[in-house]
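Take a look at the letters that make up each chain.
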Amino acid sequence: MTAPAPMTKEQASRRATELRKLIEENSRLYYVENSPQISDYDFDMLMNELTAIENEYPELVTPDSPTMKVGSDLRNPGSTGDKGPGTDKEFAQYPHKYPMLSLGNTYDISEVEDFVRRAERTAGKGFTFSCELKFDGTAICLTYIGGKLVRALTRGDGVIGDDVTENVRRISNIPGHLKGSGWPEEFEIRGEIYMPYAAFDRLNEERVQDEDPPFANPRNAASGSLKLTNPDEVAHRGLECTLYHILGENLPFRTHAEALDAAASWGLPVSDKRRICRDIKEIEEYISYWDTERKFLPFATDGIVIKVNELDFQKALGYTSKFPKWAVAYKFKAEQALTEVLSIDYQVGRTGAVTPVANLEPVQLAGTVVKRATLHNLDQMRLLDIRIGDHVYVEKGGEIIPKITGVELSMRSGSEVFPVFPDKCPDCGTPLVRDEGEARFFCPNISGCPTQIKGKILHFISRKAMNVLAGDATVDQLYDLGLAKSPADLYDLKKEDLLRLEGWKDRSAERFLRSLAASREVTFDHVLFALGIRYVGESTARELAMHFKNIDALMTASRDALMQVEDIGDVIADSILDFFSSAANLSQVERLRKAGLQFSMQAEEKSASDILNGKSIVISGVFSISRDEIKKLITANGGKNSSSISGKTAFLLAGEKPGPEKMQKAADLGIRIIAENEFMEMIAPSEERPSSPEQLTLFD
Ligand code: IVH
């Protein structure tokens, strides 16, 4: 721990108050906002400093000091029991049966040695240690009764937690029903929900494409995803869980390892990277092995947890108000590199957002060379007090977007240059604006700023939007030659225009025109996404299209009407209203409509039938038509396609060679499995359909 600097009691008291404020604020940013502004290490150092002051002056300890309680993830503290599940965008809250504590942590191996010695002093000799990975996610507490998952609570403030059961049911490796035998009638099992790197990269790529702020790291992405209000959305986030602590009355286990082995035999996800260590030497071997090997794991770990393995010894050691005394976490420092800021660019995105990006002296970091790092916005630049020429620490924010975490002030020579955030768009010179509550500056010249225009056209033609076969180089040329200054201009292009593009011949021009013609068949939800309304990503566009059915209804919808749509809050509603209040945008819509694009849902998309209304359907295997077409049939008939099986799944639609895991899970949960031909009969127009639903043969 940090030795307290010699200070008077008065100074100590002032510093303690200051530290508590800093810790509370950063704890809220970490646990509630999922958007930490300082590194875990810096946070832990603030906490260590406060602990040291409180140890030196115990009379300064306050009952609500952050050293006395766990950081809270509750957005809406104190509403225990008064909210039924799903009543609104908040979660119902329930008390934990056993308090949900945190772990004492250290970055210093000698403190792990102290832990081992302390344990031996208190509990005597004759016990072992279970060493485990410290999964970097968000804690969860699952309750199983009679072998069924009945509740999932977040840690909350350690005493009460948010009820996220419906979301947890959509996490594919958490069983709704236990398998095997011998599970206690009722028990709790706690663990960590995390987002593997692959899912995290995919999610952030999508978010960047939709100009949503990317998550800083997989941990924030996991806890943000767990608190989504739409379980379908959670299912798509690719979350996983590892469980590491069983609690209950009269459990029949002698050791922690035995308990976890039993949990694994009931189908619960338990880590196979655990090891029993007999002494500090073996613990240190485990730590140094994983300090290197963890870089090859597909998910983030931030340390090692060392637990006394024998449960009677655990009991003898007991708890503080915040930690078990029978366990400690040894944390790995995030990999950092020190490098120089060569310059700062201000990049304009397709929505006009201006992002400061630092160009760095190339440096090796966690396996790749880092040359650029985002500075996010002006507030962040000010917080770092960054100058051009500064030496800065770079960390990988969850491995894809490097970020600058601090400036090495001792390396300042005095020749560093203070960066000036532009007040005009670096591309078109229009004065930048910043809306209230918005951290970013925007170029308001939406119809004249070249970077925005090209960005908008590129977004418009992208695969998930209008799917026109062209890329950056074509868009650059079309713009530079004055042939396309808006998406609508694309539909006025003639073959002779295209032949002016460098290297274009008859065939390339014809191919491009064919692709444009085909885009007239792209459905309304994709067209809506293609318009590039800020915050309206692919799934929001689909929700809006299904709800309003056509552009006229959407354009004239009030703020209240917009907020009726699932997942649309005031920020998205305002953005939609703002978009349709611009004459330039309205004129684009009219030109695109005249060009023949789909601005309403087609009959079969509207609803072929409501036979699948409210039903959640999972598909697996190969079908006689494409999976996209199958999905369309599901939505057209009122159903919802979801990616993972849970207790809420109406049926598993199985093609040829369905996934064995899905089949097994459906069987375990007693979910019906339906073949393609039966599905087709089910959704066939009524005259073709068997007269009573019972006539459908359903098999398990
Ligand atoms: S045991 C009563 N084991 O780390 C002790 N925790 O920083 C229960 N964590 O709150 C915790 N991996 O959310 C335990 N293998 C592991 C863990 C683990 C990650 C988390 C957990 C805890 C936090 C403390």
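Residues numbered from 1 in each chain as written. Predicted model: local features only at pLDDT ≥ 70, side-chain atom pairs only at ≥ 80, totals over all residues. Heavy atoms only, no water.

**Q** What is the right way to look at the overall build of the chain in this model?
**A** From N to C terminus, the chain includes 26 helices and 21 strands. Against the globule reference of 27 Å for 700 residues, the chain gives a C-alpha radius of gyration of 29 Å, in line with a compact fold. The 700 residues of the chain split such that 50% are buried. A separation threshold of at least 6 residues defines the contact pool for the chain, and within that pool the share at least 24 residues apart is 67%. Accessible surface for the chain amounts to roughly 33,100 Å². Of this, 51% is attributable to carbon and sulfur atoms. Averaging the positions of the 85 positive and the 107 negative side-chain charges in the chain gives two centres separated by 1 Å. (Helix = DSSP H or I, 4+ residues; strand = E, 2+ residues; numbered from the N terminus. Rg over C-alpha atoms; globule rule 2.2 N^0.38 Å. Buried < 20%, exposed > 50% of the residue type's maximum accessible area, 1.4 Å probe, protein only. Contact = heavy atoms within 4.5 Å. Areas by Shrake-Rupley, 256 points an atom, 1.4 Å probe, with all protein chains shown as cover. Lys, Arg positive; Asp, Glu negative; His and termini not counted. Charge placed at Lys NZ, Arg CZ, Asp CG, Glu CD.)

**Q** Explanation requested: the packing of helix H24 (residues 627-636) against helix H26 (residues 676-683) in the structure shown.
**A** Axes are the key here: two packed helices are described by the angle between their axes and the distance separating the axes. Viewed as axis vectors pointing N to C, H24 and H26 meet at an angle of 35 degrees, and their least axial separation amounts to 11 Å. Crossing hand, H24 versus H26: left-handed. Here Ile630, Leu633 and Ile634 of H24 come into contact with H26, specifically with Phe679, Met680 and Ile683. A per-class count over the contact of H24 with H26 returns six nonpolar, no polar and no charged. (Axes fitted to C-alpha atoms, helices over the stretch in contact; angles between N-to-C directions. Left-handed = near helix turned anticlockwise from the far one by under 90°. Nonpolar A, V, L, I, M, F, W, Y, C, P; charged D, E, K, R; others polar.)

**Q** Is there a simple way to explain helix H12 (residues 450-461) in this structure?
**A** Each full turn of the α-helix corresponds to 3.6 residues, which orients residues three or four apart in the same direction. A rise of 1.5 Å per residue sets the reference length of H12, with its twelve residues, at 16 Å; its end C-alpha atoms lie 17 Å apart and thus fit the reference within 8%. Along H12, the positions that sit buried rather than exposed are Gln452, Ile453, Gly455, Ile457, His459, Phe460 and Ile461. For H12, the elements touching its buried residues are strand S12 (336-348), helix H13 (472-480), helix H14 (487-490), helix H17 (524-530) and helix H22 (583-594). (Expected span 1.5 Å × (residues − 1).)

**Q** Where do I start with H13 in this structure?
**A** Those residues of H13 that sit buried are Thr474, Val475, Leu478 and Tyr479. Taken down its axis, H13 places every buried residue within 130 degrees of arc, on the same side. Exposed and oriented more than 90 degrees from the buried face of H13 are Asp472, Ala473 and Asp480. Residues of H13 that are buried sit in contact with H12, H14, helix H15 (495-498) and helix H16 (506-518). Phi turns positive one or two residues past the end of H13, at Gly482, with a value near 75 degrees. (Arc of directions from axis to C-beta.)

**Q** So what exactly am I meant to see when it comes to the site of the ligand here?
**A** Lining the immediate environment of the ligand, one finds 14 residues, of which Leu133, Lys134, Glu192, Tyr244 and Lys307 sit closest. A distance of 3.0 Å is found between a nitrogen atom of the ligand and a side-chain nitrogen or oxygen belonging to Glu132. Arg155 places a side-chain nitrogen or oxygen 3.1 Å from an oxygen atom of the ligand. Computed on the free molecule, the ligand has an accessible area of 530 Å², of which 91% lies beneath the protein chains in the complex. Of all the secondary structure elements, the ones that give two or more residues to the shell around the ligand are strand S3 (129-135) and strand S10 (301-308). A total of four residues in the shell around the ligand trace back to one element, the largest contributor, which is S3. Taken together, the residues of the shell around the ligand sort by class into eight nonpolar, one polar and five charged. (Near = heavy atom within 4 Å. Polar contact = N/O pair within 3.5 Å; in protein donor to acceptor, adjacent residues only side chain to side chain.)

**Q** What is the right way to read the packing of H12 against H13 from this model?
**A** Running from N to C, H12 and H13 point in directions that differ by 130 degrees, and their axes come no closer than 10 Å. On the basis of the axis angle, H12 is oblique to H13. Here H12 and H13 pass one another in a crossing that is right-handed. Contacts between H12 and H13 involve Pro450, Ile453, Lys454, Ile457, Leu458 and Ile461 from the first element and Asp472, Val475, Asp476, Tyr479 and Asp480 from the second. When grouped by side-chain class, the residues that make up the contact of H12 with H13 number seven nonpolar, no polar and four charged. (Parallel < 35°, antiparallel > 145°, perpendicular 65-115°, else oblique.)

**Q** Looking at this structure, I do not really get the sheet that holds strand S4 (residues 138-145). What am I missing?
**A** The pairing of strands in a sheet comes from backbone hydrogen bonds and takes either a parallel or an antiparallel form. On the basis of which strands lie adjacent, the open sheet formed by four strands has the order S5-S4-S7-S8 and antiparallel pairing. Each edge of the open sheet is held by one strand with a lone partner, namely strand S5 (148-154) and strand S8 (240-247). Across the sheet, the mean angle from the axis of one strand to that of its neighbour is 30 degrees, orientation sign disregarded. The pairing of strand S7 (residues 186-194) with S8 spans seven bridges and is classified as antiparallel. What sits directly across from Ile193, in S8, is Cys241. Across the sheet, helix H6 (residues 218-226) is in contact with S4, S5 and S7; its angle to S4 comes to roughly 45 degrees. Each of S7 and S8 is contacted by helix H8 (residues 256-265), which is oriented at about 130 degrees to S8, the strand it contacts most. (Pairing = 2+ DSSP bridges.)

**Q** Help me out: how do you make sense of the nonpolar core in this one?
**A** General note: in soluble globular proteins, nonpolar side chains tend to be found buried as a group. Counting 53 residues, the largest nonpolar core has Leu490, Leu528, Leu544 and Ile576 as the members making the most contacts within it. Contact partners of Leu490, with chain neighbours within four places excluded, come to Ile457, Phe460, Ile461, Leu478, Ala484 and Leu516. Residues Val164, Met195, Ala199 and Ile246 belong to the second largest nonpolar core, which totals 36 residues. (Core = buried A, V, L, I, M, F, W, Y, C linked by side-chain atoms within 4.5 Å.)

**Q** I tried to follow the environment of Ile617 on my own but got confused; where do I start?
**A** Within the secondary structure layout, Ile617 lies in strand S18 (residues 616-620). The buried category is assigned to Ile617, whose relative accessible area is 0%. In the structure, Ile617 is positioned 196 residues away from Phe421 in sequence and 50 Å away in space, judged by C-alpha atoms. Discounting residues that sit within four places of it in the chain, Ile617 has contacts with Leu612, Ile634, Lys640, Asn641, Ser642, Phe651 and Leu653.

**Q** Can you walk me through the pattern of salt bridges in this structure?
**A** When charged atoms on two side chains of opposite charge get close, those side chains can pair. Under the defined criterion, the tally for this structure stands at 43 salt bridges. Across the salt bridge formed by Glu25 and Arg28, the nearest N and O atoms sit 3.1 Å from each other. Taken together, the positions of Glu25 and Arg28, both in helix H1 (residues 9-31) and three residues apart, correspond to about one turn of that helix. Using a relative accessible area of 36% as the deciding quantity, one classes Glu25 as partly exposed. A salt bridge links Arg434 to Asp379, with the nearest nitrogen and oxygen atoms 3.5 Å apart. (Salt bridge = Lys/Arg side-chain N within 4 Å of Asp/Glu carboxyl O.)

**Q** Could you clarify how one ought to interpret the side chain of Glu416 in this entry?
**A** Mapped onto the fold, Glu416 is located in the loop between strand S16 (401-407) and strand S17 (441-442). Here Ser413 takes part through its backbone nitrogen, which lies 2.8 Å from a polar atom of the side chain of Glu416. Among the polar contacts listed, one links the side chain of Glu416 to the backbone nitrogen of Gly414, at a separation of 2.9 Å. The contact partners of Glu416, leaving out residues within four places of it in the chain, are Arg387, Ile388, Gly389, Asp390 and Met411.

**Q** What's the story with the sheet that holds S10 in this structure? I'm lost.
**A** The strand order across the open sheet built from five strands is S2-S11-S10-S3-S9, with neighbouring strands paired in mixed fashion. Looking at strand neighbours, the two that pair on one side only are strand S2 (105-106) and strand S9 (275-277), the edges of this open sheet. Bridge count between S10 and strand S11 (residues 327-331): five bridges; the pairing is antiparallel. Considered in S11, the bridge of Lys307 is made with Ala327. Contacts between helix H9 (residues 280-293) and the sheet are confined to S3, S9, S10 and S11, with S9 contributing the most and set at about 145 degrees to the helix.

So, to be careful, I would describe these as geometric facts and stop short of saying anything about function.
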